[in-house]
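# Fold and geometry: a report
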Amino acid sequence: MEYIASAFIPAAILLCAAMLTFSKKATFDDFLRGTEDGIKIIFRLLPTLIVLVVSVSMLSASGAVDFLSSLLSPLFEKLGIPTGMLPLIIMRPFSGSGSNAMIADIFDKYGADSLTAKTASVLLGSSETILYVFAVYFSAAKIKKTRHALPAAFLSMVFCIFFSSLVCRLMFG
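Read on for a plain summary of the structure. (Residues numbered from 1 in each chain as written. Predicted model: local features only at pLDDT ≥ 70, side-chain atom pairs only at ≥ 80, totals over all residues. Heavy atoms only, no water.)

### Structural notes on the overall build of the chain
Tallying secondary structure elements over the chain gives eight helices and zero strands in all. Ordered by position from the N terminus, the helices and strands of the chain form the series α-α-α-α-α-α-α-α. Relative to its length of 173 residues, the chain is extended, with a C-alpha radius of gyration of 22 Å against a globular reference of 16 Å. Principal-axis analysis of the C-alpha atoms places the extent of the chain at approximately 65 × 45 × 30 Å. With 173 residues in all, the chain has 26% of them scored as buried. Residue pairs in contact within the chain that sit at least 24 positions apart in sequence constitute 65% of those at least 6 positions apart. Surface accessibility of the chain: about 11,800 Å² in total, with carbon and sulfur atoms responsible for 70%. Positive and negative side-chain charges in the chain, numbering 14 and 11 respectively, have mean positions lying 12 Å apart. (Helix = DSSP H or I, 4+ residues; strand = E, 2+ residues; numbered from the N terminus. Rg over C-alpha atoms; globule rule 2.2 N^0.38 Å. Buried < 20%, exposed > 50% of the residue type's maximum accessible area, 1.4 Å probe, protein only. Contact = heavy atoms within 4.5 Å. Areas by Shrake-Rupley, 256 points an atom, 1.4 Å probe, with all protein chains shown as cover. Lys, Arg positive; Asp, Glu negative; His and termini not counted. Charge placed at Lys NZ, Arg CZ, Asp CG, Glu CD.)

Okay, here's the thing in structure tokens:
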């Protein structure tokens, strides 16, 4: 099985090369057009990505995440949501890499087998970086009227927070 797995990628590359070589279509021209379109999309998305990265960096560096965590901690404690997850909950809608850094901190602080870490892992796996998706994908598709998409996405995030806490309390608590 290991031999098959290690041979799969080279075989896939050779198969694609053979298909391109023996194809009657102008596949190289199609490839060039595709790369040209990809570069245009990158340049169109670049300002949005720069604003998003700078905003997330400012949010982290300003101490706003810690301030909001301390403010929301009593409420989340009453709701039965591990308060150690609050930095992750605040960062998740904005940044995937920021969320990964937050979960690494949770693992270091509480331990990977703690209820907080398990709940954070379920939340990270079941939720999405809402604002990143809106900024990048909706911008790339040139969607201007998002109507109910943003409220629905945040409602989904709230559901993920509560459901991950409930499931982990039932299974591990």
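Don't stop here, the text continues.
### Re the packing of helix α7 (residues 130-140) against helix α8 (residues 149-172)
Contact geometry for α7 and α8: axes closest at 10 Å, N-to-C directions at 145°. Considering only the axes of α7 and α8, their crossing is right-handed. Seen from α7, the contacting residues are Ile130, Leu131, Phe134 and Phe138; seen from α8, they are Ala149, Leu150, Ala153, Phe154 and Met157. Partitioning the contact of α7 with α8 into residue classes produces nine nonpolar, no polar and no charged. (Axes fitted to C-alpha atoms, helices over the stretch in contact; angles between N-to-C directions. Left-handed = near helix turned anticlockwise from the far one by under 90°. Nonpolar A, V, L, I, M, F, W, Y, C, P; charged D, E, K, R; others polar.)

### What to know about helix α3 (residues 64-79)
For α3, with 16 residues, the first-to-last C-alpha span of 22 Å sits near the 22 Å given by 1.5 Å per residue. In the structure, α3 departs most strongly from a straight axis at Ser73, where the bend amounts to approximately 45° and where the proline Pro74 lies between one and four residues downstream. Those residues of α3 hidden inside the fold are in contact with α2 (27-61), α4 (86-91), α5 (96-110) and α8. Of the residues one or two after α3, Gly80 is the one with positive phi, at around 85°. (Expected span 1.5 Å × (residues − 1). Bend = angle between axes of the 7 residues up to and from the residue.)

### Examining the side chain of Ser165
With respect to the helices and strands, Ser165 occurs in helix α8. Overall, the relative accessible area of 4% leaves Ser165 in the buried class. A distance of 3.0 Å separates a polar atom in the side chain of Ser165 from the backbone oxygen of Ile161. In this structure Ser165 touches Gly80, Ile81, Pro82 and Thr119, once residues within four positions along its chain are discounted. (Polar contact = N/O pair within 3.5 Å; in protein donor to acceptor, adjacent residues only side chain to side chain.)

### What about unusual backbone geometry?
Trans is the prevailing form of peptide bonds, just as negative phi is the prevailing case for residues other than glycine. Unlike most non-glycine residues, Lys142 shows phi in positive territory, near 60°. Take Lys142: it is sitting in the loop between α7 and α8. Judged by relative accessible area, Lys142 falls into the exposed class, the value being 57%. Its identity as a non-glycine residue notwithstanding, Arg147 has a phi of 45°, on the positive side. Locating Arg147 in the fold gives a position in the loop between α7 and α8.

### Re the environment of Gly173
Positionally, Gly173 belongs in the segment after α8. Residue classification places Gly173 among the exposed positions, given a relative accessible area of 81%. Put simply, Gly173 and Leu115 are 58 residues apart on the chain and 6.8 Å apart in space, counted from C-alpha to C-alpha. When residues no more than four places from it in sequence are discounted, the contact partners of Gly173 are Leu115 and Cys168.

### Some remarks on the packing of aromatic side chains
With the rule as written, the count across this model stands at two aromatic pairs. Ring centres 4.5 Å apart and planes at 45° place the aromatic pair Phe134 and Phe138 in the tilted group. Note that Phe134 and Phe138 are positioned in helix α7 at a spacing of four residues, about one turn of the helix. One cation-aromatic arrangement involves Lys118 over Phe172; the distance from NZ or CZ to the ring centre is 4.2 Å. (Phe/Tyr/Trp six-rings, centres within 6.5 Å; stacked < 30°, edge-to-face > 60°. Lys NZ or Arg CZ within 6 Å of the ring centre and 35° of its normal.)

Geometric values such as these leave the question of function open.
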